[in-house]
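# Close look at the chain arrangement
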Amino acid sequence: AQSVSQHNHHVILSEAASLELGCNYSYGGTVNLFWYVQYPGQHLQLLLKYFSGDPLVKGIKGFEAEFIKSKFSFNLRKPSVQWSDTAEYFCAVNQRGQNFVFGPGTRLSVLP
Amino acid sequence: EPEVTQTPSHQVTQMGQEVILRCVPISNHLYFYWYRQILGQKVEFLVSFYNNEISEKSEIFDDQFSVERPDGSNFTLKIRSTKLEDSAMYFCASILGQGATVNTEAFFGQGTRLTVV
């Protein structure tokens, strides 16, 4: 079955620390990859997406992600986190003509 | 910026009652979805809708659930007889189109928090 896994359930960092959240998927073929963020009490918002081309994609708020096809991974990174980055982060994958499958989410807590 | 809107933001209902959750997708989008997120758990796919019919549904989407696009604008999710375990945040999403050359980013609504008591 198609699935998306995220390495960490809860990550706690201090401000200015670097962040990397892991995401792996189990699909064959061409996929579209996304990272969504959900701030407390809010809806899902797109951080960044990969469809094709440069495997290093840059998103909003200083986030970036790297698609490594051989590892079926799409890890999210940010060099220096802020308290306002505290949120739940979801990796999502879809294939052409199919629905989105979300990972279980990683809760990020940034300590001031 | 266009957005997906959902109403109500919070609905409390008694077990066994019918509820209708409403969504207004982005106007030129063609694909519509319902997802749910039980508190503290992952976002789960319920159903996708295209060309006025269900294109895919998950195991969660049983006979108690139905979707409708009654007027070309609204996209509704109906739960016929709610159960306690239906308590969750329900998200509507819409997509412009599918395919390698079409932007397949999903735009999500703010969600409706359903509480079944």
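Our structure's up above, just so we're on the same page.
Conventions we followed
- Residues numbered from 1 in each chain as written.
- Chains lettered and ligands numbered in written order.
- Predicted model: local features only at pLDDT ≥ 70, side-chain atom pairs only at ≥ 80, totals over all residues.
- Heavy atoms only, no water.
- Helix = DSSP H or I, 4+ residues; strand = E, 2+ residues; numbered from the N terminus.
- Buried < 20%, exposed > 50% of the residue type's maximum accessible area, 1.4 Å probe, protein only.
- Pairing = 2+ DSSP bridges.
- Axes fitted to C-alpha atoms, helices over the stretch in contact; angles between N-to-C directions.
- Contact = heavy atoms within 4.5 Å.

Looking now at unusual backbone geometry. Geometrically, the link from Thr 7 of chain B to Pro 8 of chain B is a cis peptide bond, its omega value of -10° lying close to zero. Note on placement: Pro 8 of chain B falls in the loop between strand S1 (5-7) and strand S2 (10-13). Phi angles above zero are rare outside glycine, and Lys 61 of chain A is one such case at about 60°. In this fold, Lys 61 of chain A is placed in the loop between strand S7 (56-58) and strand S8 (64-68). Classification of Lys 61 of chain A as partly exposed rests on a relative accessible area of 45%. Of note, Phe 72 of chain A is a non-glycine position whose phi angle comes to about 50°, a positive value. By the element assignment, Phe 72 of chain A lies in the loop between S8 and strand S9 (73-78).

So, about the sheet that holds strand S8 (residues 75-79) of chain B. Sheet strands pair by backbone hydrogen bonding; their relative direction is either parallel or antiparallel. Residue and element names in this part refer to chain B. Reading across from one edge, S1-S3-S8-S7 is the order of the four strands in this open sheet, with antiparallel pairing throughout. Two strands lie at the open edges of the sheet, namely S1 and strand S7 (65-68), each paired on one side alone. Neighbouring strand axes in the sheet, compared pairwise and without regard to direction, differ in orientation by 20° on average.

Attention now goes to the environment of Ser 18 of chain A. Residue and element names in this part refer to chain A. Counting through the fold element by element, Ser 18 comes out in the loop between strand S2 (10-14) and strand S3 (19-21). On the accessibility criterion, Ser 18 (54% relative accessible area) is exposed. Sequence-wise, Ser 18 and Ser 84 are 66 residues apart; in three dimensions their C-alpha atoms are separated by 14 Å. In this structure Ser 18 touches Leu 13, Lys 78 and Pro 79, once residues within four positions along its chain are discounted.

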